[in-house]
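# Descriptive analysis of the structure
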Amino acid sequence: MIHVENLIDGQFVNVEENFDDISPIDFSVIATIPRTKNVDAAVTAAKNAFGGWSSLTLHQRCDWLDKIADELENQIEEVARLEALDTGKPMEVALNVDASRSVNNFRFFADFGRTLESQEFKMDDATNYVVRKPVGVVGLISPWNLPLYLLSWKIAPALLMGNTIIAKPSEITPLTAHFLGKLCVKIGLPDGVLNIVHGYGPEVGQAIVEHSEIKAISFTGGTSTGKIVAATAAPMFKKLSLELGGKNASIVLDDADLEIAVSGVLRSSFLNSGQICLCGSRVLVHSSIYEEFMEKYLRELKEFNIGPVISEQHRSKVLSYIELAKEEGGRILAGGRVPDKAGAWIEPTVITGLSHTSRTATEEIFGPVVTVHKFDTDDEAIEMANCTQYGLAGSVWSKHRGREVAEKIESGMVWVNTWLHRDLRVPFGGVKDSGVGREGGMWSIGFFSEAVNICVMED
Ligand code: NAD
């Protein structure tokens, strides 16, 4: 049994009340989690640490990010083991996606920081210097689907730019954030630079967003929570980055390489049990290749290894959508059932026969459930892809027209003939109800700093 504790000012501390961390694999209790409601002590620690941390040079902070990356890399198997335990995902996914990409996040921002150049704008009679200052104490709130991967994606650039941190991982998956805290203490990261508080979102998460001394909130989670976060933070003029939900389309055009398309679309449908915000949960296939595509897709699906979904509660939500699909006239082509074993298992499910505007095909399910739809023209596919409130990601599978179609998709990221291929320098984020702002490369640098101008008149 692991006892998760808050990391405040370099010390691990608990609160009076704790609650259980439940394994999605078999519903056993794997850890206890502090039910924190107040973040004052963490904010005081972060404020006290700010002067020292922000006055290090950028290169010194890059060295710290490398030290964290080194330590995480040394412990990569343990990071993956904890992530697999907490989320139920297969070990190979925990290792190759979660743990490796968490190391890469620190490594990338360390390297990126070393390439940052100061900006100057010369006038005839003066020079403008752009100075990037840290924002201050920042609040980082993350979800359960890629726990350390998404939290480290925020922690690394926030540290790089000289901010001090109050981080709150999801209450469903706290283990790897707790482990990261231990590693940071072990390598001597100065006390109070990284504080990690655990507990329920509406309690400790809300306390972070409401705290007047926390100057920026970087939030990744559901669109409905994002609305609450925005409504709370906006009147305080906090900097706000919101990475929210999605309902992404995978579009297979008539000139697609079918082998590549089938395995790519399948992976985007079911990797991490469909619980990645970038997963393609709507598969749109040109009618001329529909039969062949589906035959291959369903055949390969039988070999696809997935874990359970994150919790019993979440499984109930996913199952309710399968029932809704049936009510809406959908036909289950594969899956749809609950295997006879303990844990939040559910078969990967493929549904056809639904209108692309049905609730099942437009609302975020965030599980191993995809709907499949036929189209006859590129314009029809584009119209179908764009018909939801969301605009996070998507993919297009085509030998000749991929980029042309991709540019007409209303979303922040579109892959052509690939999926989840990530260059950390590029903008990451959604349009429409999928979010506000961008992360990645210079976009993260911009969010976690205040660019100010010093205009110096020449003699
Ligand atoms: P969620 O919105 O329930 O929770 C996200 C985080 O917010 C958790 O840490 C939670 O404790 C906290 N929280 C909840 N209420 C809060 C409040 N009032 N104030 C502050 N914090 C609060 O989301 P989830 O169920 O953990 O994650 C799944 C969702 O995340 C899906 O919608 C998915 O699409 C989205 N997601 C988006 C991205 C992206 O990059 N756009 C990435 C991953 C997941």
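Everything here concerns the structure above.
Keep in mind the model is a prediction, meaning the values are calculated, not measured.

### Points about the environment of Phe428
By secondary structure assignment, the location of Phe428 is in the loop between strand 20 (415-416) and strand 21 (431-432). The buried category is assigned to Phe428, whose relative accessible area is 7%. Phe428 sits 10 residues away from Arg438 along the chain, and the two C-alpha atoms are 5.3 Å apart. Those residues within four positions of Phe428 in sequence are excluded, and the remaining contacts are Trp153, Glu243, Leu278, Met413, Arg422, Gly437, Arg438 and Glu439.

### What about the environment of Phe50?
Here Phe50 is to be found in helix 1 (residues 40-54). Its relative accessible area of 24% is what places Phe50 among the partly exposed residues. Once the C-alpha coordinates of Phe50 and Gly162 are considered, the two residues, 112 residues apart in sequence, prove to be 7.6 Å apart. Leave out the neighbours within four places in its chain, and Phe50 touches Pro134, Gly136, Gly162, Asn163 and Thr164.

### Quick notes on the pairing of strand 8 (residues 137-141)
Across a regular strand the side chains alternate sides, sitting on one face of the sheet and then on the other. Of all 5 residues in strand 8, 5 are buried; the element is thus mostly enclosed. Alignment of strand 8 against strand 9 (residues 164-168), held across 5 bridges, turns out to be parallel. Following the sheet pairing, Val137 is matched in strand 9 by Thr164. Handedness of the crossover is the feature at issue here: the chain leaves strand 8, passes through helix 5 (residues 147-160), returns alongside strand 9, and the resulting connection is right-handed.

### Quick look at the packing of helix 2 (residues 58-74) against helix 6 (residues 175-186)
Two numbers describe how helix 2 lies on helix 6: the axes approach to 10 Å, and their chain directions differ by 120°. Between helix 2 and helix 6, the angle falls in the class oblique. At the point where helix 2 passes helix 6, the crossing takes the right-handed sense. Contact with helix 2, carried on its side by Ile68, Glu71 and Leu72, involves Leu180, Leu183, Cys184 and Lys186 of helix 6 and no other residues of that element. Residues that form the contact of helix 2 with helix 6 fall into these classes: 5 nonpolar, no polar and 2 charged.

### A few points about the site of the ligand
Inspection of the region around the ligand gives 31 residues, with Ser142, Glu171, Thr225, Leu244 and Glu364 positioned closest. Take Glu171: an N or O atom from its side chain is 2.6 Å from an oxygen atom of the ligand. Contacts to the ligand include Leu244, whose backbone N or O atom sits 2.7 Å from a nitrogen atom. In isolation the ligand has 850 Å² of accessible area, and contact with the protein removes 90% of it. Listing elements by their share of the shell around the ligand, those giving two or more residues are helix 7 (201-210), strand 11 (214-220) and helix 8 (223-233). With 5 residues, helix 7 is the single largest residue contributor to the shell around the ligand. A class-by-class count of the residues in the shell around the ligand yields 15 nonpolar, 12 polar and 4 charged.

### Some points on helix 11 (residues 312-327)
With 16 residues, helix 11 extends 23 Å between its outermost C-alpha atoms, agreeing within 8% with the 22 Å of an ideal straight helix rising 1.5 Å per residue. Residues His314, Arg315, Val318, Tyr321, Ile322, Leu324 and Ala325 constitute the buried set of helix 11. For helix 11, the elements touching its buried residues are strand 15 (331-334), strand 16 (349-352), helix 12 (359-362) and strand 17 (369-375). Gly329 occupies a position one or two residues after helix 11 and carries a positive phi of about 100°.

### Things to note about the sheet that holds strand 7 (residues 126-134)
The strand order across the open sheet built from 3 strands is 6-7-23, with neighbouring strands paired in antiparallel fashion. Lying at the two open borders of the sheet, with one neighbouring strand each, are strand 6 (119-122) and strand 23 (449-457). Averaged over all pairs of adjacent strands, the angle between their axes in this sheet comes to 25°, without regard to strand direction. The pairing of strand 7 with strand 23 spans 9 bridges and is classified as antiparallel. Bridge pairing in strand 23 links Ala126 to Met457.

### A short note on the packing of helix 4 (residues 91-115) against helix 5
Across the interface, helix 4 lies against helix 5 with an axial gap of 8 Å and an inter-helix angle of 15°. By the angle between their axes, helix 4 is roughly parallel relative to helix 5. Along this stretch, helix 4 crosses helix 5, giving a crossing that reads as right-handed. Contact residues: helix 4 offers Val97, Asp98, Arg101, Ser102, Asn105, Phe106, Phe109 and Gly113, while helix 5 offers Pro147, Leu148, Tyr149, Ser152, Trp153, Ile155, Ala156, Pro157 and Leu160. Its residues placed into classes, the contact of helix 4 with helix 5 shows 11 nonpolar, 4 polar and 2 charged.

Rules used throughout
- Residues numbered from 1 in each chain as written.
- Predicted model: local features only at pLDDT ≥ 70, side-chain atom pairs only at ≥ 80, totals over all residues.
- Heavy atoms only, no water.
- Helix = DSSP H or I, 4+ residues; strand = E, 2+ residues; numbered from the N terminus.
- Buried < 20%, exposed > 50% of the residue type's maximum accessible area, 1.4 Å probe, protein only.
- Contact = heavy atoms within 4.5 Å.
- Pairing = 2+ DSSP bridges.
- Right-handed = clockwise from strand over helix to strand, strands pointing away.
- Axes fitted to C-alpha atoms, helices over the stretch in contact; angles between N-to-C directions.
- Parallel < 35°, antiparallel > 145°, perpendicular 65-115°, else oblique.
- Left-handed = near helix turned anticlockwise from the far one by under 90°.
- Nonpolar A, V, L, I, M, F, W, Y, C, P; charged D, E, K, R; others polar.
- Near = heavy atom within 4 Å.
- Polar contact = N/O pair within 3.5 Å; in protein donor to acceptor, adjacent residues only side chain to side chain.
- Areas by Shrake-Rupley, 256 points an atom, 1.4 Å probe, with all protein chains shown as cover.
- Expected span 1.5 Å × (residues − 1).

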